[in-house]
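Observations on the three-dimensional arrangement
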Amino acid sequence: MLKQILSKLPKKSFKSDNGDFISGNSNNCGNGTPRSQVGSPTSAKVNAPKRTSSAVFPTSVVSGIEPLVSFKDVPNCEKMNLFLSKLNLCCVTFDFYDPSKNTSEKDIKRQTLIELVDFVASGPPSKFPEPSIFAMVRMCAINLFRVFPPNYRSGGGGGGGGNGLDHDDDEPMFDPAWSHLQIIYDLLLKFITSSLLDAKVAKKYIDHSFILRLLDLFDSDDPRERECLKTILHRVYGKFMVHRPFIRKAMSNIFHQFVFETEKHNGIAELLEIFGSVISGFALPLKEEHKIFLCRALIPLHKSKSVSFYFQQLSYCITQFIDKEPKLASIVIKGLLKFWPITNSQKEVMFLGELEEILEATNMFEFQKVMIPLFSRIACCINNFHFQVAERALFLWNNDQILNLIGHNRQLILPIIFPALERNAQGHWNQAVLNLTFNVRKIFQEMDEPLFLECQNQFREDEAKQPSMLEQRRLTWDRLENAACLQPVTDNMAILVTQSSTSIACQM
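Summarised in this report is the structure supplied together with it. These numbers were taken from a predicted model, which means no experiment stands behind them. (Residues numbered from 1 in each chain as written. Predicted model: local features only at pLDDT ≥ 70, side-chain atom pairs only at ≥ 80, totals over all residues. Heavy atoms only, no water.)

1. A word on the overall build of the protein chain
For the protein chain, the helix and strand inventory stands at 21 helices and two strands. Going through the 508 residues of the protein chain one by one, you find that 47% of them count as buried. Within the protein chain, counting contacts between residues at least 6 apart in sequence, those at least 24 apart form 75% of the total. Within the structure as shown, the protein chain displays about 25,700 Å² of accessible surface, and the carbon and sulfur contribution to it stands at 54%. (Helix = DSSP H or I, 4+ residues; strand = E, 2+ residues; numbered from the N terminus. Buried < 20%, exposed > 50% of the residue type's maximum accessible area, 1.4 Å probe, protein only. Contact = heavy atoms within 4.5 Å. Areas by Shrake-Rupley, 256 points an atom, 1.4 Å probe, with all protein chains shown as cover.)

What follows is the structure, given as structure tokens:
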């Protein structure tokens, strides 16, 4: 009895928000569609049969599914009704974690999905009516929107932004239901991009709730699914202009949650790739909303430990903003300096690479705003004991645009950089870094020899004063220690323990 009830679920009538009904058995041949209007599919979760996600729980065995007739075997006036019937049939879900379960039913559903893809790709006799849009979005929601199982790989895993720096060699995790999911994604993509889909009607069903759940799927462990989602969301953004601000805001919220809360998400790279193409379509001058997104979402993404997973896409978005509005360069550079990695050499090399791209697009006025703190940081990189960091910092002088910016501001930059160059020249352990250091010194010497000699003399004077400064520092600490020893000891007061007192205590 239970199986008979479940087998009838796809043919059940569903009530819309307006009180009307849509039936899978409608036979209105006049326009090929049921007579009634329907409500939002994302609100249909109240009325639709509740679906237990195959990603977490196995679905009950559903038997009795019969294959429907082919589209070529029915007249044009019945094709849309057949389209609805096939969509209703595909709302039944199965457990794909057990390959031996419901094999014939899975094959029937897969073949039906392929027929739907061919039908949408070839184009129906007329524009998709509203009930068909509802049924399509509902079917996609039932099959695609699911709760992912917990990821037990430490650090979140995934290739798009999980906090798994020690797990680069992990194999990607593939969804066992992909044989069906892939066809459904293909169907949804062809449906959204179809010229016979009226965006003004479809926006009621592909609404904010649908888009939010679509964005949730970007956290999938399966890279194939994220790639499909990337294409579909980009098409949704292009077709439904009314949803564009909401999509940008929802993406921003995902970035904020990733940076400031979880640092675990598999789809950051794909979302940034979408946003990179979105930025190229921004009108000039940029809206304040877009600048806020740059400062509060994109720049803080440099903070994450797993930035290497999405660094290429992030860097592209940043340079797109600067190409659109060059005066943002100083803001971005200040942000990079704020989140500059001190103990992570790999990230430091990446930051230097991005910095070079930014400086190539930076004008003189914006460069002068940040050149002092910027070259103070570059000087530290030049003296870094990790040869790749020092080498990458010295490579900046091989860029003609950056060299031009430095040349026009050498009076301020050379005094900052010169001590770092001299310390390297006096004995950096890596020969490649030594060679690059001598090349940069030669560039400055040829650029302005009097200034070079002045900086050299100043450096020698500072080095001569160094012993006396160290001695003065030692005497200052001795006075502080003596003053601390004379203070009476009270409860919860820190006590200065010298080497002599420690040895006496040990002898006692």
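2. Concerning the nonpolar core
Burial of nonpolar side chains together is a common tendency in soluble globular proteins. In terms of nonpolar packing, the biggest core is built from 133 residues, with Phe-83, Leu-298, Tyr-310, Phe-375, Ile-378, Trp-397 and Ile-417 touching the most fellow members. By residue number, the principal contributor to this core is helix H4 (residues 130–144), which donates 10 residues. (Core = buried A, V, L, I, M, F, W, Y, C linked by side-chain atoms within 4.5 Å.)

3. Things to note about helix H12 (residues 311–324)
For an α-helix, the turn length of 3.6 residues means that residues three or four places apart are oriented alike. Over its 14 residues, H12 runs 20 Å from end to end, which matches the ideal 20 Å to within 8%, given 1.5 Å per residue. For H12, the complete set of buried residues consists of Phe-311, Leu-314, Ser-315, Cys-317, Ile-318, Thr-319, Gln-320, Phe-321 and Ile-322. The elements touched by buried residues of H12 are helix H10 (268–279), helix H11 (288–298), helix H13 (329–338) and helix H14 (345–360). (Expected span 1.5 Å × (residues − 1).)

4. Side note on the packing of helix H15 (residues 364–382) against helix H16 (residues 387–394)
As a packed pair, H15 and H16 sit with axes 7 Å apart at the nearest point and diverge in direction by 135 degrees. The pairing of H15 with H16 is recorded here as oblique in orientation. Side by side, H15 and H16 meet where Ile-378, Cys-381 and Ile-382 of the first sit next to Val-389, Ala-390, Ala-393 and Leu-394 of the second. Here the contact of H15 with H16 is built from residues that sort into seven nonpolar, no polar and no charged. (Axes fitted to C-alpha atoms, helices over the stretch in contact; angles between N-to-C directions. Parallel < 35°, antiparallel > 145°, perpendicular 65-115°, else oblique. Nonpolar A, V, L, I, M, F, W, Y, C, P; charged D, E, K, R; others polar.)

5. Some words on the pattern of salt bridges
If you walk through the whole model with that rule in mind, you get 19 salt bridges. When salt bridges that share partners are traced, they join Arg-146, Asp-175 and Glu-225 into one network. (Salt bridge = Lys/Arg side-chain N within 4 Å of Asp/Glu carboxyl O.)

6. Remarks on the packing of helix H8 (residues 223–239) against helix H9 (residues 244–262)
Contact geometry of H8 with H9 gives a least axis separation of 9 Å together with a crossing angle of 140 degrees. Facing Leu-233, Val-236, Tyr-237 and Gly-238 of H8, the residues of H9 in contact are Arg-244, Ile-247 and Arg-248. Its residues assigned to classes, the contact of H8 with H9 shows four nonpolar, one polar and two charged.

7. What to know about the packing of aromatic side chains
As enumerated under the stated definition, the model contains 19 aromatic pairs in all. Measuring from ring centre to ring centre gives 5.8 Å for Phe-258 and Tyr-310, while their planes differ by 75 degrees; the resulting arrangement is edge-to-face. Note that Phe-258 is positioned in helix H9 and Tyr-310 in the loop between H11 and H12, a separation of 52 residues in sequence. Phe-258 sits in the buried class, given a relative accessible area of 1%. (Phe/Tyr/Trp six-rings, centres within 6.5 Å; stacked < 30°, edge-to-face > 60°.)

8. Some words on the environment of Gln-411
Locating Gln-411 in the fold gives a position in helix H18 (residues 410–425). Separated by 41 residues in the primary sequence, Gln-411 and Phe-452 have C-alpha atoms spaced 9.7 Å apart. Each residue touching Gln-411, except ones within four places of it in the same chain, is listed here: Asp-448 and Leu-451.

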